[in-house]
Amino acid sequence: MDEKDLGADLAKVLIPESDLQAKVRQLAGQIDADYVGKDLLLVGVLKGAVMIMADLARALHAPASMDWMAVSSYGSGTKSSGVVRILKDLDTDIIDRHVLIVEDIVDSGLTLSWLVSNLRSRGPASLEICALLRKPEAVKTDIDVKYIGFDIPNEFVIGYGLDYAEKYRNLPFVGTLAPHVYGGDGA
Ligand code: 5GP
Ligand code: MG
Ligand code: MG
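Residues numbered from 1 in each chain as written. Chains lettered and ligands numbered in written order. Predicted model: local features only at pLDDT ≥ 70, side-chain atom pairs only at ≥ 80, totals over all residues.

An unreviewed UniProt entry annotates the protein as Hypoxanthine phosphoribosyltransferase originating from Actinomadura chokoriensis. The UniProt entry for the protein carries this comment under Sequence similarities (unreviewed entry): "Belongs to the purine/pyrimidine phosphoribosyltransferase family." (UniProt positions renumbered as here; feature names shortened; annotations may be inferred.)

Quick look at the structure:
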């Protein structure tokens with residue numbers, strides 16, 4: 001799927017595919033260097049992290065295990081509900097494992113701070129976060145995102161895993177939607 005297929009739904013491309021791919025390779029290089037000799041478990045947060053997880057995992061040189069969690073934090077709209085619930089838990093026991101949470105975006109940070117305390121209570125050897133995108137709100141929280149792709153403005157973004165009402169995840173770039181898609185209020 002590319003820009004043409006979106007027609008008038010797309011407002012603009014915020015991060016082109018080539019920039020995403022370059023950044024993911026750069027993050028993988030840092031992660032490879034930091035986890036030398038360690039058995040790394042990547043924990044992707046469904047569904048938004050699917051694209052970064054797939055690209056990051058392939059860009060790593062060291063072998064890594066992959067597991068997934070699904071939590072609910074947003075409904076089908078664009079505002080955080082503030083409620084976090086496990087929809088799918090890990091298949092793996094993470095005690096004494098080196099765990100790296102892989103997330104699509106940190107906005108309010110509600111989801112991640114909940115996830116971090118939940119996973120920390122399971123006794124991993126280490127627990128760090130890699131997030132592709134970070135919004136301005138997130139900077140105000142005390143969440144320590146060790147590996148960050150891009151700081152972006154406070155706009156609702158779609159693509160490269162990120163959805164609006166479950167659509168647009170399959171875009172290879174990150175963009176913003178035209179106001180008419182939300183119902184014309186420009187939210
Ligand atoms: P937070 O708890 O940090 O506010 O965000 C939780 C989740 O909401 C993110 O992991 C992501 O799935 C979703 N989210 C936050 N901001 C955006 C955005 O701009 N676009 C999309 N599509 N999802 C977002
Ligand atoms: Mg997410
Ligand atoms: Mg979503």
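## Focus on the overall build of the protein
Secondary structure assignment for the protein yields six helices and nine strands. For the protein, whose C-alpha radius of gyration is 16 Å, the value lies close to the compact-globule estimate of 16 Å for 187 residues. For the C-alpha atoms alone, the extent of the protein along its principal axes is close to 50 × 35 × 30 Å. For the protein, restricting intrachain contacts to residue pairs at least 6 apart in sequence, the fraction spanning at least 24 positions comes to 65%. (Helix = DSSP H or I, 4+ residues; strand = E, 2+ residues; numbered from the N terminus. Rg over C-alpha atoms; globule rule 2.2 N^0.38 Å. Contact = placed C-beta atoms within 7 Å.)

## Considering unusual backbone geometry
A cis amide bond links leucine 46 with the next residue in sequence, lysine 47, at an omega value of -5°. Mapped onto the fold, lysine 47 is located in the loop between strand S2 (40–46) and helix H3 (50–59). We note that aspartate 96 has phi near 65°; this positive angle belongs to a residue other than glycine. Its 11 C-beta neighbours within 10 Å are what place aspartate 96 among the exposed residues. (Buried ≥ 20, exposed ≤ 12 C-beta atoms within 10 Å, placed from the backbone.)

## Quick look at the pairing of strand S9 (residues 174–177)
Where strand S1 (residues 10–15) meets S9, four bridges bridge the pair, whose relative direction is antiparallel. By the bridge assignment for S9, lysine 12 is matched with threonine 176. In terms of strand pairing, strand S8 (residues 157–158) meets S9 through two bridges, oriented antiparallel. Its bridge partner lying in S9, isoleucine 158 is registered against glycine 175. (Pairing = 2+ DSSP bridges.)

## Examining the site of ligand 1
Near ligand 1 you find 20 residues, and of these Asp107, Ser108, Leu110, Thr111 and Leu162 are the closest. A per-element tally of the shell around ligand 1 places strand S5 (residues 98–106) first, with four residues. Broken down by class, the residue content of the shell around ligand 1 amounts to 10 nonpolar, six polar and four charged. (Near = placed C-beta within 6 Å. Nonpolar A, V, L, I, M, F, W, Y, C, P; charged D, E, K, R; others polar.)

## Side note on the nonpolar core
Ile52, Leu56, Leu100, Ile101, Val102, Cys130 and Ala131 are the most contacted members of the largest nonpolar core, which has 38 residues in total. Looking at this core, the elements that each hand over two or more residues are helix H2 (17–34), S2, H3, S5, helix H4 (110–120), strand S6 (126–134), S8 and S9. (Core = buried A, V, L, I, M, F, W, Y, C linked by C-beta atoms within 7 Å.)

## Here's the deal with the environment of alanine 62
Along the chain, the position of alanine 62 falls in the loop between H3 and strand S3 (64–74). Put simply, alanine 62 and tyrosine 35 are 27 residues apart on the chain and 8.3 Å apart in space, counted from C-alpha to C-alpha. Other than its neighbours up to four places away in sequence, alanine 62 contacts Asp32, Tyr35 and Leu40.

## Re the sheet that holds S1
The strand order across the open sheet formed by three strands is S1-S9-S8, and the pairing between neighbours is antiparallel. At either margin of the open sheet sits one strand with a lone partner, and together these are S1 and S8.

## What to know about H4
Within H4 the residues assigned to the buried category are Thr111, Leu112 and Leu115. Projection of H4 onto a plane perpendicular to its axis shows the buried side chains occupying an angular sector of 90°, all on one side. Among the exposed residues of H4, those oriented more than 90 degrees off its buried face are Ser117 and Arg120. (Arc of directions from axis to C-beta.)

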